[in-house]
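Remarks on the overall topology
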Amino acid sequence: MAVFTPVSESEASALLRRLRLGELTELRGIEGGIENTNYFVTSTGGRYVLTLFERLNHAQLPFYLHLMKHLAHQGIPVPDPQGDADGEILFTVAGKPAALATRLAGSSQLAPTPAHCRALGAMLARMHQAARSYEREQPNLRGLAWWNATVPEVLPHIGATAAALLQAELAYQNHIAESPEYAALPRGPVHADLFRDNVMFEGDRLTGIFDFYFAGVDSWLFDLAVALNDWCVALPTGRHDAARFDALLAAYQGVRPLTAQERRLLRAMLRAGALRFWISRLWDFYLPRDAHMLKPHDPTHFERVLRERVMHPLTL
């Protein structure tokens, strides 16, 4: 999260009045992240998060917002976008598309244990099952087509060794995407960005999942791989952590067992997840946008993760 667009107290107060959520008592920008402008909003009616969308437009946003509302109504602990008297949940604030959603309890667990990974694995599988009945369609906008378009833009900024790995892995993922096994993977709405800082806990109990603004229809295996690549690696080295990995994967399969095709393609999707975030971090690092509070992530982390996934493939 970050602050690209300033929001005044009067603008926040006007939205609260429209939503009948009381009077504003605090408005505070949220530091970190790279995509949207976010504020904590506290009113006499409760605690919320205000999001102004910097890249997504009014036509794209209903998919994300109604997905969150759908999951919330299915019992998944996610932010619930608040509606006005007409049921509208998408607004305009400071000239940008905006939404106000409930604020989750708890805090992010940035040093997860196997217990945290078990809780996440089970909840991710529940979330996939709950999203199965969601009827809106939108592709993963940071999927293979975006990788193919973005790699040429970042290649001039990196060294020859990194460039060779990036191009080779992109060619491999294009090859995988053309296979019958890939076409047979179970699909549906996915979070696509389920990192440690997008999940809340109280102790070992998972209390919420948020930041659905990379969501789209993709393979559930890709969504699982993205989570495994963040929750189950050593951050300094990118190396595989077997205890956390086994805990997360076993808990996921306790709710939704993987198909034969998913088991065969898990190694490839772990590489795909690492590639996706290496590309996006290169793009954000070398081609950044201006922001009042912006801390771009280190792109070399996912280069290390990808090298580990290529050089040391898992034995399932």
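Throughout what follows, the structure given in this document is the object of discussion.

Cut-off values and rules
Residues numbered from 1 in each chain as written. Predicted model: local features only at pLDDT ≥ 70, side-chain atom pairs only at ≥ 80, totals over all residues. Heavy atoms only, no water. Axes fitted to C-alpha atoms, helices over the stretch in contact; angles between N-to-C directions. Helix = DSSP H or I, 4+ residues; strand = E, 2+ residues; numbered from the N terminus. Parallel < 35°, antiparallel > 145°, perpendicular 65-115°, else oblique. Left-handed = near helix turned anticlockwise from the far one by under 90°. Contact = heavy atoms within 4.5 Å. Nonpolar A, V, L, I, M, F, W, Y, C, P; charged D, E, K, R; others polar. Salt bridge = Lys/Arg side-chain N within 4 Å of Asp/Glu carboxyl O. Pairing = 2+ DSSP bridges.

**Things to note about the packing of helix α5 (residues 160-177) against helix α10 (residues 300-311)**
Across the interface, α5 lies against α10 with an axial gap of 12 Å and an inter-helix angle of 60°. If you check the angle between α5 and α10, you find them oblique. Where α5 crosses over α10, the handedness of that crossing is left-handed. Touching Thr 161, Ala 162, Leu 165 and Glu 169 of α5 are Glu 303, Leu 306, Arg 307 and Val 310, all from α10. A class-by-class count of the residues in the contact of α5 with α10 yields four nonpolar, one polar and three charged.

**A word on the pattern of salt bridges**
Two side chains bearing opposite charge may form a pair once their charged atoms approach each other closely. Applying the stated rule across the entire model yields 13 salt bridges. Across the pair Arg 271 and Glu 169 runs a salt bridge, and its minimum N-O distance is 2.7 Å. Residue Arg 271 is located in helix α9 (residues 260-286), and its partner Glu 169 is located in helix α5; the two are separated by 102 residues in the primary sequence. Among the salt bridges present, the one from Arg 196 reaches Asp 230, with a minimum N-O distance of 3.6 Å. Of this pair, Arg 196 sits in the loop between β6 (187-190) and β7 (199-202) while Asp 230 is found in helix α7 (residues 220-231), placing the two residues 34 residues apart along the sequence.

**Let's talk about the sheet that holds strand β2 (residues 37-43)**
What the five strands build is an open sheet, ordered β1-β2-β3-β5-β4; its pairing is antiparallel. A single partner strand is all that each edge strand has here, and the edge strands are β1 (24-29) and β4 (91-93). Between one strand and the next, the sheet's axes are offset by a mean angle of 35°, whatever the strand orientation. In this structure, strand β3 (residues 46-52) lies alongside strand β5 (residues 96-102), joined through five bridges in antiparallel fashion. Residue Leu 52 lies in a different strand from β5, and its bridge partner there is Ala 98. Helix-sheet contacts for helix α1 (residues 9-19) involve β1, β2, β3, β4 and β5, and the interaxial angle to β1 is about 125°.

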